[in-house]
Amino acid sequence: MLQQLVDALNSTGLFNLTPGNLIMWGIAFVLMYLAIKKGVEPLLLVPISFGIFVANFPLTGLTDEEGLFYMFFKHGIQNELIPPLIFLGLGAMTDFGPVIANPKTLLLGAAAQLGVYAAFFTALLFGFSIPEAATIGIIGGADGPTTIYLAANLAPHLLGAVSVAAYSYMALVPLIIPPVAKLLTTKKERAMVMKQMRPVSKTEKIIFPILATIVIVLLVPKSAPLMAMFMLGNLFMESGVVQRLTDVSRNELMNIVTIFLGVGVGSTMSAENFLKPQTIYIFILGIVAFAFAVAGGILIAKLMNLFTKNKVNPLIGAAGVSAVPMSARVVHMLGSEANPQNYLLMHAMGPNVAGVIGTAVAAGAFIAALH
């Protein structure tokens, strides 16, 4: 009788909790607090944090093979379905007008990828493998779906850590960009008023996603899953003839896959996977990546001004980190602070959108080289 009671107690989760499980619950609660109370990327951090919380209950089988959370991860993330669907929704919400009106901003989006490669080489110095370093480096692109997509391909065991780092630092863009931007620019540069952009026709906006797909996918074929869906979503919106598809892409579909993405990512963060010294290194390298991304965009903008007639405010280079549209708003705020007559938002959206493309291309290049 006593043995049966002992066996019954041992079959409950209560008597199988570990200190690691409790620590992960604490991390989940912190993320919930940041998402709910502070508004830090709530659409992703609420499902991610709850996924972490429930994944660290013992004996549930949720994260075992064929368990519910494992199915979310396997079929949505490991099989690379959800990140491209997220890109479909992003494309249906993206206006390429500022990029078309000022193609130079594509260079600023590309320059911001300096953060990706700075973190990549620094991660190698920390002892990470090349695929792991590439996965950590992509955090510098400030693009959560791309980070998840690359991690699923190159380093699935780091998926939880790099995802939380990417989305946490995206939310901290208003704290990361200003000190770096002010360090690298003068008040006079920040106060620079840029020439008003030319109007962009509907025809140009329809041609752009088609042309961009041709160029990018031919140059970096492995970027096709993200780029094809991104440009398809944009074509839905700009064509003006499939409003139902546009609405579903950026609303219902986007919301559904976001739930599965968040829970799937959170489910990978069990105590044994997450509570390691390398997790701390990943968060440190995430800051390095963001800082270098901001610096790269600003410095290339200043370099461009030495050779071009129509000068750009160097601040817009900081928007090359693809946290859309938050980084563009922060840049606009810094410009207005230096000159109340300065309106940089639309100018900053050019490198902001270009940064999304640049990060996806960088991810495709890493996959082609390392997968």
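Residues numbered from 1 in each chain as written. Predicted model: local features only at pLDDT ≥ 70, side-chain atom pairs only at ≥ 80, totals over all residues. Heavy atoms only, no water.

> I would appreciate a short explanation of the overall build of the protein chain in the present structure.
Helix and strand counts for the protein chain stand at 21 helices and 0 strands. The globule rule puts the C-alpha radius of gyration for 371 residues at 21 Å, and the 22 Å found for the protein chain is close to it. The principal-axis extent of the C-alpha atoms belonging to the protein chain is close to 90 × 45 × 40 Å. Relative to its full complement of 371 residues, the protein chain shows a buried share of 53%. Taking all contacts inside the protein chain whose residues are at least 6 apart in sequence as the whole, residues at least 24 apart take part in 77%. Total accessible area computed for the protein chain in this model is approximately 16400 Å², and 70% of it derives from carbon and sulfur atoms. Here the protein chain holds 20 positive side-chain charges and 16 negative ones, and the gap between their average locations is 19 Å. (Helix = DSSP H or I, 4+ residues; strand = E, 2+ residues; numbered from the N terminus. Rg over C-alpha atoms; globule rule 2.2 N^0.38 Å. Buried < 20%, exposed > 50% of the residue type's maximum accessible area, 1.4 Å probe, protein only. Contact = heavy atoms within 4.5 Å. Areas by Shrake-Rupley, 256 points an atom, 1.4 Å probe, with all protein chains shown as cover. Lys, Arg positive; Asp, Glu negative; His and termini not counted. Charge placed at Lys NZ, Arg CZ, Asp CG, Glu CD.)

> Help me understand the packing of aromatic side chains in this model?
Both the distance between ring centres and the angle between the ring planes are used here to describe each pair of aromatic rings. By the definition in use, this model includes 14 aromatic pairs. Seen in terms of ring centroids, F53 and F57 are 5.1 Å apart; in terms of plane orientation they differ by 80 degrees. Their pairing is edge-to-face. With 6.2 Å between their ring centres and 20 degrees between their planes, F69 and F72 make a pair best called stacked. Of the two residues, F69 and F72 both sit in helix α4 (residues 68-78), 3 residues apart, roughly one turn of that helix. By relative accessible area, F69 is classed as buried at 9%. An aromatic cluster is built from W25, F29, F50, F53 and F57, whose rings are joined through pairwise contacts. (Phe/Tyr/Trp six-rings, centres within 6.5 Å; stacked < 30°, edge-to-face > 60°.)

> Help me understand the nonpolar core in this model?
Nonpolar side chains in soluble globular proteins tend to be buried together. With 105 residues, the main nonpolar core has I136, I177, L261 and I282 as its most contacted residues. Look past the residues within four positions of I177 in its chain and what remains in contact with it is V294, A318, V321, S327, V330 and L334. (Core = buried A, V, L, I, M, F, W, Y, C linked by side-chain atoms within 4.5 Å.)

> Could you clarify how one ought to interpret the confidence of the model for the protein chain in this entry?
Note: predicted coordinates in regions of low pLDDT should not be interpreted at a detailed level. Of all residues in the protein chain, 97% have pLDDT values of 70 or greater, and the mean over the chain is 90. Of all secondary-structure elements in the protein chain, the lowest mean pLDDT belongs to helix α1 (residues 2-10), at 62, while helix α15 (residues 224-239) reaches the highest, 97. (pLDDT = per-residue confidence, 0-100.)

> What exactly am I supposed to notice about a nonpolar patch on the surface here?
There is a patch of nonpolar side chains on the surface, built from I207, I210, L211, I214, V215, L218 and L219 and spanning about 700 Å² of accessible area. With respect to the secondary-structure elements, L211 resides in helix α14 (residues 202-219). Taking the relative accessible area as the measure of exposure, L211 reaches 48% and is therefore partly exposed. (Patch = residues over 30% accessible without salt bridge, like charges linked within 9 Å, V, L, I, M, F, W, Y side chains within 5 Å. Salt bridge = Lys/Arg side-chain N within 4 Å of Asp/Glu carboxyl O.)

> Is there a simple way to think about helix α8 (residues 114-125) in this case?
Residue pairs three or four apart in sequence face the same way in an α-helix, which turns once every 3.6 residues. Taking 1.5 Å as the rise per residue, α8 with 12 residues should run 16 Å; its terminal C-alpha atoms sit 17 Å apart, in good agreement. Those residues of α8 not exposed but buried are G115, V116, A118, A119, F120 and A123. Each element contacted by the buried residues of α8 is listed here: α9 (130-137), α19 (277-305) and α21 (345-370). Within two residues after α8, G127 carries a phi angle of roughly 100 degrees, on the positive side. (Expected span 1.5 Å × (residues − 1).)

> Can you walk me through helix α17 (residues 252-267) in this structure?
Helix length check: α17, at 16 residues, gives a terminal C-alpha distance of 23 Å against a target of 22 Å (1.5 Å per residue), a fit within 8%. Listed in full, the buried residues belonging to α17 are M254, V257, T258, L261, G262, V263, G264, V265, G266 and S267. The inward-facing, buried residues of α17 abut α3 (42-55), α4, α5 (82-91), α10 (144-154), α11 (159-171) and α16 (243-250).

> Would you explain the packing of helix α2 (residues 19-36) against α3 in this entry?
Here α2 crosses α3 at 160 degrees, and the two axes come no closer than 8 Å. Our classification of the angle between α2 and α3 gives roughly antiparallel. Read as a crossing pair, α2 and α3 show a hand that is left-handed. Across the interface between the two elements, M24, W25, A28, F29, L31, M32, A35 and I36 from α2 touch P42, L45, V46, S49, F50, I52 and F53 from α3. (Axes fitted to C-alpha atoms, helices over the stretch in contact; angles between N-to-C directions. Parallel < 35°, antiparallel > 145°, perpendicular 65-115°, else oblique. Left-handed = near helix turned anticlockwise from the far one by under 90°.)

> Looking at this model, I keep getting lost on unusual backbone geometry. Mind explaining?
Backbone phi values are negative for most residues with the exception of glycine, while trans is the configuration of most peptide bonds. Located in the positive-phi region is E66, a residue other than glycine, with phi close to 75 degrees. As for its placement among the helices and strands, E66 is situated in the loop between α3 and α4. With a phi close to 65 degrees, E80 is a non-glycine residue in the positive phi region. Mapping E80 onto the fold places it in the loop between α4 and α5. Assessed through its relative accessible area of 27%, E80 is described here as partly exposed.

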